[in-house]
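For reference, the chains in residue letters:
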Amino acid sequence: MNKQVLLASHPEGEISPENFRLAESEVAKPAPGEVLVRNEWLSLDPYMRGRMSKAKSYAKGVEVGEVMVGQTVGEVVESRDEAFKPGDKVLTSLGWQLMGVAKAAEVHKIDASRVPASYYLGILGMPGITAWFGLHEIGLPKEGETLVVSAASGAVGSVVGQLGKIAGCRVVGIAGGKAKCDYVRDALGFDAVVDYKAGNLEADLRAAVPKGVDVYFENVGGEILDAMLARMRVFSRIIVCGLISEYNATEPYGYKRLRSVLVNRIKMQGMIVFDWKDRYGEAIKGLAGYLADGRLKYRESVIEGLENAPRGLIGLLKGENFGKQLVKLGV
Ligand SMILES: NC(=O)c1ccc[n+]([C@@H]2O[C@H](COP(=O)([O-])OP(=O)(O)OC[C@H]3O[C@@H](n4cnc5c(N)ncnc54)[C@H](OP(=O)(O)O)[C@@H]3O)[C@@H](O)[C@H]2O)c1
């Protein structure tokens, strides 16, 4: 039998376990041109909160009764397409379930001989690729500039900061709590870090970036973005990658410092990673190279068992993860 997590109801505000339902079904049979995959790892990502909502967004939402969306890494069990054979390790979009049938064109073979297969959901997957293109194509960091990134210990933020160091920037992270801040500075090698939970956000930011900020990579929004607008230099850039502090909110945050965009001629651009889908290979090659020569460090946060995936997503949206959030399946 297959196990799946379905959307049970659309949440209003914070998500809860009642928004999900565990279901069992027969394992489907692949038709010609399809493969049956046993999922080993499920990625949990902040965008999933948006897909649970009825509000219109850049991608279609999940309907009540449908399997929750998500990327997985797993192994081909049965193939009816010549490009795949049983035992192949693959990246899929089969969602929150133990097994699933996918069209061969929507399954990607991965090379798990040099890195763990789960890395293709994190540093060599969607979050790493987001960091790569967001920073390089929108942020345009130059040697000697100051780069700030929020959610700095997370899947995207940790890669952004380390790529910023490689580009020769002075890098400052913003993260919640001592353990994450210590990790960002001591293990990832950022030049400074601001703990936004310490209660002195504006003053601590001012002290951390005395000359102002050239590139700000935004993952969080709300109060942190408002505080950062006051720190931006003339002709600086802001990459709006995510606004996680607002995902569970019922009202949008009221920004107060838009004037800084005008006065400082800030270039502020939103990004969605799939605008670069034809160039993902370029990012994966670059990231894999830095990973291999030790210039990129990476950390995972693992929850065991499909039935615990709802708890994992609820925690991710509150900052309970420490590193890329994954669910280990089949345990
Ligand atoms: N645009 C795109 O294509 C794209 C692609 C991937 C990800 N993203 C966005 O990038 C951001 C980071 O995603 P990720 O996958 O790397 O997640 P992550 O950073 O690994 O995990 C989320 C982190 O966000 C922080 N957070 C949660 N609630 C917060 C709040 N209310 N205020 C401040 N910080 C909060 C927490 O860190 P602290 O404990 O440090 O607060 C938490 O650990 C998200 O906004 C996501 O939507 C965008």
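Just so it is clear, the structure is predicted and the values come from calculations on it, not from any experiment.

Criteria and thresholds
- Per chain, the residues get numbers from 1 upward, laid out in the order the sequence is written.
- Residue-level local features of this predicted model are given only where pLDDT is at least 70; pairs of side-chain atoms are given and counted only at 80 or more, and the full residue set underlies all totals for whole chains, interfaces and linings.
- By convention in this description, side-chain values take in all heavy atoms of the structure and omit both hydrogens and water.
- Here the nonpolar core consists of buried residues drawn from Ala, Val, Leu, Ile, Met, Phe, Trp, Tyr and Cys, with membership extended through side-chain atoms lying within 4.5 Å.
- Exposure is judged per residue with a 1.4 Å probe applied to protein chains only, and the accessible area is read against the type maximum: over 50% gives exposed, under 20% gives buried, and values in between give partly exposed.
- By the criteria applied, helices consist of DSSP H or I runs no shorter than four residues and strands consist of E runs no shorter than two, each listed in order from the N terminus.
- Any two residues having at least one pair of non-hydrogen atoms within 4.5 Å are treated as being in contact.
- Residue proximity to a molecule or strand is established when one non-hydrogen atom of the residue lies within 4 Å of it.
- Residues adjacent in sequence count toward polar contacts only when both atoms are side-chain atoms; beyond that, a polar contact is any pair of N or O atoms within 3.5 Å, and within protein one must be able to donate a hydrogen and the other to accept it.
- Where accessible areas are quoted, they stem from the Shrake-Rupley method and a 1.4 Å probe; at the residue level, only the protein chains shown are allowed to cover.
- Note on residue classes: Ala, Val, Leu, Ile, Met, Phe, Trp, Tyr, Cys and Pro are nonpolar, Asp, Glu, Lys and Arg are charged, and everything else, Gly too, is polar.
- Any two strands are treated as partners once DSSP identifies two or more bridges connecting them.

## Some words on the nonpolar core
Argument step 1. Val73, Ile123, Leu124 and Val160 are the most contacted members of the largest nonpolar core, which totals 46 residues.
Argument step 2. Per-element accounting of this core gives the leading share, 6 residues, to helix H2 (residues 126-139).
Argument step 3. Leaving out residues up to four positions away in the same chain, Val73 has contacts with Asn39, Glu40, Trp41, Val90, Leu91, Ile110, Ala117, Tyr120 and Leu121.
Argument step 4. Val148, Val213, Leu225 and Val261 belong to the second-largest nonpolar core, a separate cluster that totals 22 residues.

## Concerning the site of the ligand
Argument step 1. Taken together, the neighbourhood of the ligand is formed by 26 residues, with Lys180, Tyr196, Asn219, Tyr247 and Asn321 sitting nearest.
Argument step 2. A distance of 2.9 Å separates a nitrogen atom of the ligand from a polar backbone atom of Cys241.
Argument step 3. Here the ligand loses 92% of its free accessible area of 900 Å² to cover by the protein chains.
Argument step 4. Listed by contribution, the elements that provide at least two residues to the shell around the ligand are H2 and helix H3 (155-166).
Argument step 5. Residues that form the shell around the ligand fall into these classes: 17 nonpolar, 8 polar and 1 charged.

## Description of the pairing of strand E1 (residues 2-7)
Argument step 1. In terms of burial, E1 is a largely internal element, 5 of the 6 residues being buried.
Argument step 2. For E1 and strand E2 (residues 20-25), the ladder comprises 6 bridges, and the chain directions are antiparallel. Following the sheet pairing, Leu6 is matched in E2 by Arg21.

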